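Examining the three-dimensional arrangement
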There are 2 protein chains.
Amino acid sequence: MTAQPAILRLPLRAETPSLVESLADALLQPILAGAWRPHDRLPSEHALAEQHQVSRAVVREAIARLKSDGYVETRQGKGAFVAAAPGGNAFRLDVDGREDHLLELRALIEADCAALAAERHTEGDLRNLRAAQAAMRDAVAAGGIGLAEDIRFHDVLAEAAHNPALRRFAAFIGRHAREAMQLARLSQLREQNRLAEIEAEHGAIIAAVENRDPQAARAALQKHIASGLRRHGL
Amino acid sequence: MTAQPAILRLPLRAETPSLVESLADALLQPILAGAWRPHDRLPSEHALAEQHQVSRAVVREAIARLKSDGYVETRQGKGAFVAAAPGGNAFRLDVDGREDHLLELRALIEADCAALAAERHTEGDLRNLRAAQAAMRDAVAAGGIGLAEDIRFHDVLAEAAHNPALRRFAAFIGRHAREAMQLARLSQLREQNRLAEIEAEHGAIIAAVENRDPQAARAALQKHIASGLRRHGL
DNA sequence: TCCGGATAACTTGTCAGGCAGGTTACAGCC
DNA sequence: GGCTGTAACCTGCCTGACAAGTTATCCGGA
């Protein structure tokens, strides 16, 4: 079961959802659909437990989950209510959504990173970028596919934008995008000898950043992402 | 307590955190700090309950919360483990972070929306944009500040980008940005007679979108956000 | 009739203990 | 040594209970 590298076990989550997960989803539906509107009161824990034929503990855990995501607020003695701005605490990507939207969002975000990096990078940022590229070259030369190094390169680029919120979101969406791209196919990259292509594109990004040319950096990154999609047959 | 409009009650969450919240935070710290690394096993529920002097139910709810955020994974009979990519399920904004980073991220995202909208908008999108602007004008004429209509305008713009993931994130970050901008000061807008300014900027965005000029749309939106910051004294 | 306070009936928050089902480690047998 | 059975752990789920906050009702006094 755990023989596969961790990065590969993506959608194997079909392992029969727990009662809590099922109930949380069931409660989320009417909120997302608008059947339960903000400030509406949810049925009491006791009533929900009886309706769904589970114990109150399960109901409480499901509601706790909705609470932490900002869909529901509770007040002792009064009840549980749909939050004023449901889902405002956390941003989740729809797993069942179309992948191309996710990948495009990633391209936009990383292009923003590149453009900001072009404007704001320090000498240290530039050194880090070059070091990340060198590390990837070494990993490829050593026979790997340089996945970790590629991730590192993109994170260093985001770091050079000098906006922590942007950097964290870039990492978040990058991870989901990589999963959506089915990294299991990564082994094809080596056979098709396309790792050099990636390195060249990274080099173009570095050059644009170094020249402090935001538009060129944005364009280089969008080209890089587009090429990545093509490489993965999307 | 509820006399204030819902949009205004932002950081009044100091209402003494529950045991579950405290414990969830306490468990999250070592994960974020790296003291507990991915694939590490957490203490058992029984041990955690004894350590923190709470019942097992509280421990379970706290862990359920970390699970839904993707920080930990549990397997029946084995225990709870730090996830391979902690926090990968949901993106949260640091509340204690610097506001300017958040506001900049919003500007980038909305500029992306504007640029895409310029490329992809349909006739219907354009009608919606004009209708949203008209609605805001009416609201202002009627003596309001047109907050809901302003939110609507930005959402319609994001919709015209025709990328649901981008639109959802734009709504998410927009809401947090508005909170950070201290909307309580919105009443100043009317006195300072700056609502006309906003309308003019919205008009510039519509014009750029209509001309299918992504760069102009991006620039117009960045100018709009920057002006908004100035209007709010940031 | 009207007002005010006690009270009962809800709600969520927390606790204790228990059973079921999965996993692991170890002792003991072949 | 290798295998097996069992005991000891783990999480998932349940039941029942009490504490504490909120709300509606009823009842007595003015």
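Residues numbered from 1 in each chain as written. Chains lettered and ligands numbered in written order. Predicted model: local features only at pLDDT ≥ 70, side-chain atom pairs only at ≥ 80, totals over all residues.

1. Focus on the relation of the copies chain A and chain B
Where we set the bar: When the copies are superposed, the least-squares fit draws on C-alpha atoms of residues that have pLDDT of at least 70 in both.
It takes a turn of 180° to lay chain A on chain B, together with a shift of 0.1 Å along the axis; the resulting RMSD is 0.2 Å. In the structure described here, the two chain copies are related by an operation that fits a two-fold rotation axis.

2. Observations regarding the domain arrangement of chain A
Put simply, the rule is: By convention here, the domain bounds are inherited from an automatic or database domain assignment.
Assigned domains within chain A: domain 1 (19–82) and domain 2 (99–231). Taking the mean C-alpha position of each, domain 1 of chain A and domain 2 of chain A sit 41 Å from one another.

3. A few points about the pairing of strand β1 (residues 72–75) of chain A
Residue and element names in this part refer to chain A. To keep things clear, this is the line we draw: Any two strands are treated as partners once DSSP identifies two or more bridges connecting them. Numbered from the N terminus, helices here are DSSP runs of H or I no shorter than four residues, and strands are runs of E no shorter than two.
As paired elements, β1 and strand β2 (residues 79–82) share four bridges and run antiparallel to each other. Bridged to Arg75 within β2 is Gly79. Where β1 folds back onto β2 in an antiparallel hairpin, the turn is made up of three residues, including Gly77, whose phi is positive at roughly 90°.

4. Overview of the packing of helix α4 (residues 99–120) of chain A against helix α6 (residues 147–160) of chain A
All names here are of chain A. Put simply, the rule is: Orientation is described by axes fitted as lines to C-alpha atoms, over the contacting stretch for helices, and by angles from 0 to 180 degrees between their N-to-C directions. The cut-offs work like this: below 35 degrees is roughly parallel, past 145 is roughly antiparallel, 65 to 115 is roughly perpendicular, and the gaps in between are oblique. The crossing is said to be left-handed when, going from far helix to near helix, the turn is anticlockwise and less than a right angle, and right-handed when the turn is clockwise. Contacts here follow a simple rule: the backbone-placed C-beta atoms of the two residues must lie within 7 Å. Charged residues are taken to be Asp, Glu, Lys and Arg, nonpolar residues to be Ala, Val, Leu, Ile, Met, Phe, Trp, Tyr, Cys and Pro, and polar residues to be all remaining types, Gly included.
Orientation of α4 relative to α6, taken along the N-to-C sense of each, is 55°, at an axis distance of 7 Å. For the element pair α4 / α6, the angle class is oblique. The handedness of the crossing between α4 and α6 is left-handed. Residues Glu110, Cys113, Ala114, Ala117 and Arg120 of α4 form the contact with α6, whose participating residues are His154, Leu157, Ala158 and Ala160. For the contact of α4 with α6, the per-class residue count stands at six nonpolar, one polar and two charged.

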